[in-house]
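Chain residues, written in single-letter form:
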Amino acid sequence: MDRVAVIGLGYAGLPFAVALAHRGFKVVGVDTDEEKVELINKGVSPVYEPALNDYLKGVLERGLFKATTSVAKAIEESDVVFVFVGTPTKADGSLDLTQLENASEDIGRALKDEGGYKLIVVRSTVLPGTTEGVVKRIIEERSGKICGRDFGLCMNPEFLREGKALYDIFNPARIVIGEYDKRSGDILESVYRRFHGEKMPPVIRTSIVNAELIKYAANAFLAMKVSFINLIARIAQRLPRGDVIEVASGIGLDPRIGRDFLDAGLGFGGSCLPKDLRALIKLAKSLGVDAKLLEAILEVNETQIDEALELLRRALGDLRGKRIAVLGLAFKPGTDDVRESQSIKLVKRLAKEGAVLHAHDPLALDAAKRVLQGIGNVAFFSDVYECARRCDAIVVATDWGDYRNLCFERLGETMARRVVIDCRHIIDAVKASKAGFKYYGLGIYTE
Ligand SMILES: NC(=O)C1=CN([C@@H]2O[C@H](COP(=O)(O)OP(=O)(O)OC[C@H]3O[C@@H](n4cnc5c(N)ncnc54)[C@H](O)[C@@H]3O)[C@@H](O)[C@H]2O)C=CC1
Ligand SMILES: O=C(O)[C@H]1O[C@H](OP(=O)(O)OP(=O)(O)OC[C@H]2O[C@@H](n3ccc(=O)[nH]c3=O)[C@H](O)[C@@H]2O)[C@H](O)[C@@H](O)[C@@H]1O
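What counts as what
Residues numbered from 1 in each chain as written. Chains lettered and ligands numbered in written order. Predicted model: local features only at pLDDT ≥ 70, side-chain atom pairs only at ≥ 80, totals over all residues. Near = placed C-beta within 6 Å. Helix = DSSP H or I, 4+ residues; strand = E, 2+ residues; numbered from the N terminus. Nonpolar A, V, L, I, M, F, W, Y, C, P; charged D, E, K, R; others polar. Domains from an automatic or database assignment. UniProt positions renumbered as here; feature names shortened; annotations may be inferred. Contact = placed C-beta atoms within 7 Å. Buried ≥ 20, exposed ≤ 12 C-beta atoms within 10 Å, placed from the backbone. Arc of directions from axis to C-beta. Pairing = 2+ DSSP bridges. Axes fitted to C-alpha atoms, helices over the stretch in contact; angles between N-to-C directions.

What to know about the site of ligand 2
Neighbouring ligand 2 are 20 residues; Glu162, Asp263, Phe268, Gly270 and Cys272 lie closest to it. Per-element tally for the shell around ligand 2: the top contributor is helix 9 (residues 208–237), with three residues. Broken down by class, the residue content of the shell around ligand 2 amounts to ten nonpolar, five polar and five charged. Each of domain 1 (3–206) and domain 2 (221–441) contributes no fewer than three residues to the shell around ligand 2.

Brief notes about the UniProt feature "binding site: substrate" (unreviewed entry) in the protein chain
Under the present numbering, the feature "binding site: substrate" (unreviewed entry) in UniProt falls on Phe159, Leu160, Arg161, Glu162, Lys215, Phe261, Leu262, Asp263, Ala264, Gly265, Gly269 and Lys332. A maximum C-alpha distance of 24.0 Å shows the annotated residues, which cover 174 residues in sequence, to be distributed over more than one spot. Assignment of secondary structure puts Leu262 in the loop between helix 10 (244–252) and helix 11 (273–286). Beyond its immediate sequence surroundings of up to four residues, Leu262 is in contact with Lys225, Ile229, Ala248 and Gly252. With residues near it in sequence (within four places) discarded, Lys332 still touches Gly163, Gly270 and Thr398.

Here's the deal with helix 3 (residues 52–61)
Among all positions of helix 3, only Tyr55, Leu56 and Val59 are buried. Down the axis, helix 3 shows its buried residues gathered within 100° of arc, on one side only. Turned more than 90 degrees away from the buried face of helix 3, the exposed residues are Asp54 and Glu61. Its buried side turned inward, helix 3 meets helix 1 (13–22), helix 2 (34–41), strand 3 (65–68) and helix 7 (165–170). Trailing helix 3 by a residue or two, Gly63 shows a phi angle of about 70°, which is positive.

Some words on the sheet that holds strand 7 (residues 175–179)
By definition, the strands of a sheet pair up through backbone hydrogen bonds, in either a parallel or an antiparallel sense. Strand order in this open sheet of eight strands is 3-2-1-4-5-6-7-8, and the pairing throughout is mixed. Of all strands in the sheet, those bounded by a partner on one side alone are strand 3 and strand 8 (203–206). Between one strand and the next, the sheet's axes are offset by a mean angle of 25°, whatever the strand orientation. Direction of pairing for strand 2 (residues 26–30) relative to strand 3: parallel, over a ladder of four bridges. Looking at strand 3, one finds that Val30 is bridged to Thr68. Those strands touched by helix 1 are strand 1 (3–7), strand 2, strand 3 and strand 4 (80–83), and its axis lies near 165° from that of strand 2.

Things to note about the domain arrangement of the protein chain
Split by domain assignment, the protein chain resolves into domain 1 (3–206) and domain 2 (221–441). Here domain 1 and domain 2 have C-alpha centroids that lie 34 Å from each other. Domain 1 puts 14 residues into the contact, and the matching count from domain 2 is 16 residues. Of the residues contributing to the side of domain 1 that touches domain 2, the split by class is seven nonpolar, five polar and two charged.

What follows is the structure, encoded as structure tokens:
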């Protein structure tokens, strides 16, 4: 079982495929996007992920990995097939299963002519009921084969974080295996035992529906922690000498709470937490379950941008015509991904208020230009000091490490006013103040 196919070579699928090959599996990756496949076969990852290009080049050279657009070819050359296609949400919160349905059709057609037993593993995030109701059904219909007899099926959620994908794949906190039957689960567990060797993490073997729900419950809980601390930040900011960072430390040291995911800021973005939360709310409601708690997580997130605007108004008054430098456009540091980025939402809100925007990001400038096309008065800068020139304020919207070492003396020389709004708590307030800046930290009381 060391011949593996990975279908869908995006932010999650490509690092996983490359990691498997790095550990000696023979991997064929499939993507419908010809340009992506061409780039990958040249050793260039279409998505940014630290160290991924080096690992990719290594496995291509060792002949352990190749990419193709043909599902049939990949299935012919593999025993285990991991499915990593996108599952975005539609405007009404329901999942868009087009990519998954297409991939299942392709797998079904390919299995039709196959003699041997193959294991199909759904790794895309899908709502409870989807693996058996959509993937199994389509594969059986297209192939004429029977799940559990001719092919195996697992749902195995992925918990990697973008920007830390390889680290998370090599060091997962747990492996959740939702199995159609014991044989399917045994095969998948043996793949991971081979992959992790001595460092095998805890394994949870469960039903497919539980595995599907575990993924949504995990992401909703993480989102809840972020919204919770953002609500506390709003309170702390309004109390003389209040400081959310100290409150987060104070509660985070309780092992029942934990400090992770208690960094207050502009809110959570990205391709997963918001979409998964919306989908879970829709599922809960469809089952007649009151989803107020989940809805409140989204509501706090959506209104968190107002907190940054409020600080800007306190510093500058009416924002119309004010020139504002927004530093950081990616949904978090370490990625070029701007999907559902709170910083992008902030830029759009400021543009609507009539502000003149200067925008900077170390990696996500091109992606940001695409999503901000035609939005108000926005200029893009690859140099942070050029970005701040003539501005009335700097807003740190994404916590890129690069912004930690800003030289405020140099920034101050060319800015119209010396104001910094720190939405991610990475600016040294004392240093900024010494250079004559008025510092406002989100969640921190300011006179
Ligand atoms: N991005 C992340 O950090 C994580 C994502 N996930 C889940 O993994 C899934 C994939 O997410 P991403 O990698 O972010 O999406 P993505 O959009 O970056 O990648 C999906 C890839 O699948 C390809 N594709 C679409 N239809 C196809 C088909 N029929 N056959 C072959 N390839 C096809 C697309 O061209 C694209 O390259 C989603 O369900 C997501 O929720 C889970 C954990 C982490
Ligand atoms: O299902 C997924 O795709 C993934 O979603 C998240 O990973 P990711 O979207 O890469 O990003 P996170 O590191 O979780 O950050 C999400 C957002 O929350 C924000 N955040 C995170 C932590 C925090 O303390 N405060 C905070 O505002 C980040 O800035 C970012 O906008 C989960 O962390 C992964 O476990 C999961 O696999």
